[in-house]
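The lines below spell out each chain.
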Amino acid sequence: MSSVVLITGAATGIGNLTARALAAAGHTVYASMRDVRGRNADRAEELLEFGRHEGQDIRVVELDVQSEASAEAAVATVIGEAGRLDTVVHNAGHLYVGYVEAFTPEDIHRLLDINMVGIQRVNRAALPHMRSRRSGTLLYVGSTTSVVVPPFMGPYVASKSAADALAQVTAYEVSQFGIETTIVMPGPFTQGTEHFPNAGRTDDAVRADAYAPLDAMVARNEAATEALFPPGVDAHPRAVAEEITRVLALPAGTRPFRTVVDFSQAGVEEVNEVLRRAQEQFVTRLGFGELLHVRGARPSAAEHDRIVPA
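Because the structure is predicted, anything quoted here is derived from the model rather than measured.

1. A look at the overall build of the chain
Turning to step 1, where the next piece is worked out: Regarding its fold elements, the chain presents 11 helices and 7 strands.
Turning to step 2, where the next piece is worked out: At 19 Å, the chain has a C-alpha radius of gyration in line with the 19 Å of a compact globule built from 310 residues.
Turning to step 3, where the next piece is worked out: When its C-alpha atoms are laid out on the principal axes, the chain stretches across 55 × 50 × 40 Å.
Turning to step 4, where the next piece is worked out: Within the chain, contacts between residues at least 6 apart in sequence are counted, and of these 76% link residues at least 24 apart.
Turning to step 5, where the next piece is worked out: Placing the 28 positive and 38 negative side-chain charges of the chain at their respective mean positions leaves the two points 6 Å apart.

Given below as structure tokens:
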């Protein structure tokens, strides 16, 4: 069933690929990005032209996840034009690479603001509409880094872990208003995104120089990551866009809470299953077992309708 989807951070990478994939599947897609009349004007026009050429409904809307007013305006635009908002794909994010000590508290605050607080701004804009309709889907582009915790990406790992926790607890609460949650957890990609090329790095050269003996490890980080991929496998982020499209095509009430797209074979699925069991047991023992299911969803013997990680 087609739906109206708002995607954050759709100028490049996974967000851009997802906008194209969902539009091709028949959804009305609002691809959001910052500065659509400035530095992202060409990217915005490229998406619009793609939609026109393919006969697909792709629209572009201004949205800066660091601005509450921008998030409110973007959601209002979607609802005003399309009449509803069915799904939010939380994709916007930024990467820092370097030694944790070398990043200032202000650096880390900024990354948390983009990668975690930005989600809260968009949810606060979208959820009143979804709650009033007693339906909707929040789909988060998370990260396997919150499980495997790779080195030299400390602030990023912290921000994605915080975002994951926020998504989980939000899921318990919004489930009682018929709103589903899915966290898609991509593994690392060294092609097809601007994540690594555009990664932020510290300006504190003095602190960074203190870790000079580790510089060689940082320099071969991407090569080390690529070595984890099985030979002959095309580890491209289009696989994430395809998985998001697959999940949103599932009937309401049957979407998985977690799904992993990881070519590095990091074993994240096994960890997720252990966490799922522990969290489900804990919440049930608290007496809040109803929070584990989306209210109004079809009863199922499968794990698909559970809010805890699967």
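2. A short note on the sheet that holds strand 5 (residues 136-141)
Turning to step 1, where the next piece is worked out: Strand order in the open sheet formed by 7 strands is 3-2-1-4-5-6-7, with parallel pairing between adjacent strands. Each having just a single partner strand, strand 3 (58-62) and strand 7 (258-261) make up the two edges of the open sheet. Geometrically, the sheet is characterised by an average inter-axis angle of 20° between neighbouring strands, direction not taken into account.
Turning to step 2, where the next piece is worked out: Summarising the sheet, strand 2 (residues 28-33) and strand 3 pair through 5 bridges and their orientation is parallel. Bridge pairing in strand 3 places Tyr-30 opposite Arg-59.

3. Comments concerning the pattern of salt bridges
Turning to step 1, where the next piece is worked out: According to the stated counting rule, one finds 16 salt bridges in the structure shown.
Turning to step 2, where the next piece is worked out: Here Glu-49 makes a salt bridge to Arg-52, at a shortest N to O gap of 3.1 Å. Within this pair, Glu-49 and its partner Arg-52 are both found in helix 2 (residues 41-54), separated by 3 residues, close to a single helical turn.
Turning to step 3, where the next piece is worked out: The class for Glu-49 is partly exposed, based on a relative accessible area of 39%.
Turning to step 4, where the next piece is worked out: Residue Arg-258 is joined to Asp-164 by a salt bridge in which the shortest nitrogen-to-oxygen separation is 2.7 Å. Within this pair, whereas Arg-258 is found in strand 7, its partner Asp-164 is found in helix 6 (residues 154-174), the two being separated by 94 residues in sequence.
Turning to step 5, where the next piece is worked out: For Asp-164, a relative accessible area of 10% puts it in the buried group.
Turning to step 6, where the next piece is worked out: Several salt bridges share partner residues, and in doing so they unite Glu-273, Arg-276, Arg-277 and Glu-280 into one network.

4. Some remarks on the environment of Glu-222
Turning to step 1, where the next piece is worked out: Within the secondary structure, Glu-222 is located in helix 9 (residues 221-226).
Turning to step 2, where the next piece is worked out: When the C-alpha positions of Glu-222 and Pro-188 are compared, they lie 9.2 Å apart, and in sequence the two are 34 residues distant.

5. Notes on the environment of Leu-22
Turning to step 1, where the next piece is worked out: With respect to the helices and strands, the residue Leu-22 is situated in helix 1 (residues 13-24).
Turning to step 2, where the next piece is worked out: For the pair Leu-22 and Gly-200, spaced 178 residues apart in sequence, the C-alpha separation works out to 29 Å.
Turning to step 3, where the next piece is worked out: What Leu-22 contacts, discounting residues up to four positions off in sequence, is Val-5, Ile-7, His-27, Val-29, Ile-244, Thr-245 and Leu-248.

6. So, the packing of aromatic side chains
The relative placement of two aromatic rings is captured by the distance of their centres and the angle of their planes.
Turning to step 1, where the next piece is worked out: Summed over the entire model, instances satisfying the criterion amount to 4 aromatic pairs.
Turning to step 2, where the next piece is worked out: The interplanar angle of 70° and the centroid separation of 6.0 Å between the aromatic rings of Phe-189 and Phe-263 together place this pair among those described as edge-to-face. Highlighted residues: Phe-189 in the loop between strand 6 (179-186) and helix 7 (205-209) and Phe-263 in the loop between strand 7 and helix 11 (268-285), separated in sequence by 74 residues.
Turning to step 3, where the next piece is worked out: By relative accessible area, Phe-189 is classed as buried at 6%.
Turning to step 4, where the next piece is worked out: One aromatic cluster is present, built from ring pairs that chain together Tyr-99, Phe-152 and Tyr-211.
Turning to step 5, where the next piece is worked out: Sitting over the ring of Phe-50, Arg-20 keeps its end group 4.6 Å from the ring centre.
Turning to step 6, where the next piece is worked out: When the ring centre of Phe-177 is taken as origin, the NZ or CZ atom of Arg-131, which lies over that ring, is 6.0 Å away.

7. Quick word on the pairing of strand 6
Turning to step 1, where the next piece is worked out: With respect to burial, strand 6 is a largely interior element, 8 of its 8 residues being buried.
Turning to step 2, where the next piece is worked out: Covered by surrounding structure in strand 6 are Ile-179, Thr-181, Ile-183 and Met-185 together with Glu-180, Thr-182, Val-184 and Pro-186, the residues of both alternating faces.
Turning to step 3, where the next piece is worked out: As defined by bridge partners, strand 5 adjoins strand 6 across 6 bridges and the pair is classed as parallel. Residue pairing in the sheet places Leu-139 in a bridge with Thr-182 of strand 6.
Turning to step 4, where the next piece is worked out: Alignment of strand 6 against strand 7, held across 4 bridges, turns out to be parallel.

The rules we used
- Residues numbered from 1 in each chain as written.
- Predicted model: local features only at pLDDT ≥ 70, side-chain atom pairs only at ≥ 80, totals over all residues.
- Heavy atoms only, no water.
- Helix = DSSP H or I, 4+ residues; strand = E, 2+ residues; numbered from the N terminus.
- Rg over C-alpha atoms; globule rule 2.2 N^0.38 Å.
- Contact = heavy atoms within 4.5 Å.
- Lys, Arg positive; Asp, Glu negative; His and termini not counted.
- Charge placed at Lys NZ, Arg CZ, Asp CG, Glu CD.
- Pairing = 2+ DSSP bridges.
- Axes fitted to C-alpha atoms, helices over the stretch in contact; angles between N-to-C directions.
- Salt bridge = Lys/Arg side-chain N within 4 Å of Asp/Glu carboxyl O.
- Buried < 20%, exposed > 50% of the residue type's maximum accessible area, 1.4 Å probe, protein only.
- Phe/Tyr/Trp six-rings, centres within 6.5 Å; stacked < 30°, edge-to-face > 60°.
- Lys NZ or Arg CZ within 6 Å of the ring centre and 35° of its normal.

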